[in-house]
Amino acid sequence: MTHYMIYFNREWVGARSDAWIRERGPLAQAVVDDMRVAGVYVLAGGLEETGTFSVAPVEDGVRFADGRYDGASQWLGGFAVVRVPDEKAARDWAGKLAQACGWPQEVRRLVLELEEDEGA
């Protein structure tokens, strides 16, 4: 089994009304519920837009700053992690999320180092 992260950047949502986005929530939640039933669910969530901070290495340690990292042109809006047998299954789940959310999703294979009891 392989882990895949399905995610979207906030900019991909586009100019949508708050009401339209709220209507999509139950649809996306239904896909996450289906993931649980299918036994592929690992983790999912949306990211809050407030309270963001960044940290960067500097010569004598690290530098913290409020807000997004200065060089970031896009920012992560939400994600799901699934544990599936192959890329086709990851594509299928990503397609379901894209339809439910109404905006694009990107998929990447995760290379994880899990504790022994978590990797079973």
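What counts and what doesn't
- One numbering rule holds for all chains: residues counted from 1, following each sequence as written.
- Two thresholds apply to this predicted model, a pLDDT of at least 70 for residue-level local features and 80 or more for giving and counting side-chain atom pairs, whereas whole-chain, interface and lining totals are computed over all residues.
- Hydrogens and waters are ignored; side-chain quantities use all the structure's heavy atoms.
- A pair of strands counts as paired when DSSP detects no fewer than two bridges linking them.
- Think of it this way: any DSSP run of H or I at least four residues long counts as a helix, any run of E at least two long counts as a strand, and we number them from the N terminus.
- Orientation is described by lines fitted to C-alpha atoms, with helices fitted over the stretch in contact, and by angles between N-to-C directions that extend from 0 to 180 degrees.
- Contacts are assigned to residue pairs that have any heavy atoms within 4.5 Å of one another.
- Throughout this description, buried means an accessible area under 20% of the type-specific maximum (1.4 Å probe, protein chains only), exposed means over 50%, and partly exposed covers the range between.

Chemist: What exactly am I supposed to notice about the sheet that holds strand β2 (residues 41–46) here?
Modeler: Overall, antiparallel pairing links the four strands, which are arranged β2-β5-β1-β6 in an open sheet. The sheet terminates laterally at β2 and β6 (106–109), the two strands that pair on one side only. Strand-to-strand, the axes of this sheet are offset by a mean angle of 20°, without reference to chain direction. Bridge count for β2 against strand β5 (residues 76–84) is five bridges, and the pairing is antiparallel. Bridge pairing in β5 links Leu43 to Val81. The strands that helix α1 (residues 18–38) touches are β1 (2–9), β2 and β5; relative to β2, the one it contacts most, it runs at about 165°. The sheet contacts of helix α2 (residues 87–101) involve β1, β5 and β6, and relative to β1 the element is tilted by about 30°.

Chemist: Would you take a moment to explain the pairing of β5 for this structure?
Modeler: Regular strands place their side chains on alternate faces of the sheet. In terms of burial, β5 is largely enclosed, as seven of its nine residues are buried. The pairing of β1 with β5 spans eight bridges and is classified as antiparallel. Each bridged residue has a counterpart across the sheet, and for Met5 the counterpart in β5 is Val81.

Chemist: Please explain the environment of Val82 as it appears in this structure.
Modeler: Turning to its location among the elements, Val82 is positioned in strand β5. Judged by its relative accessible area of 0%, Val82 falls in the buried class. When the C-alpha positions of Val82 and Val40 are compared, they lie 5.2 Å apart, and in sequence the two are 42 residues distant. With near-sequence residues (within four places) excluded, Val82 lies in contact with Thr2, His3, Tyr4, Ile6, Met35, Val40 and Val42.

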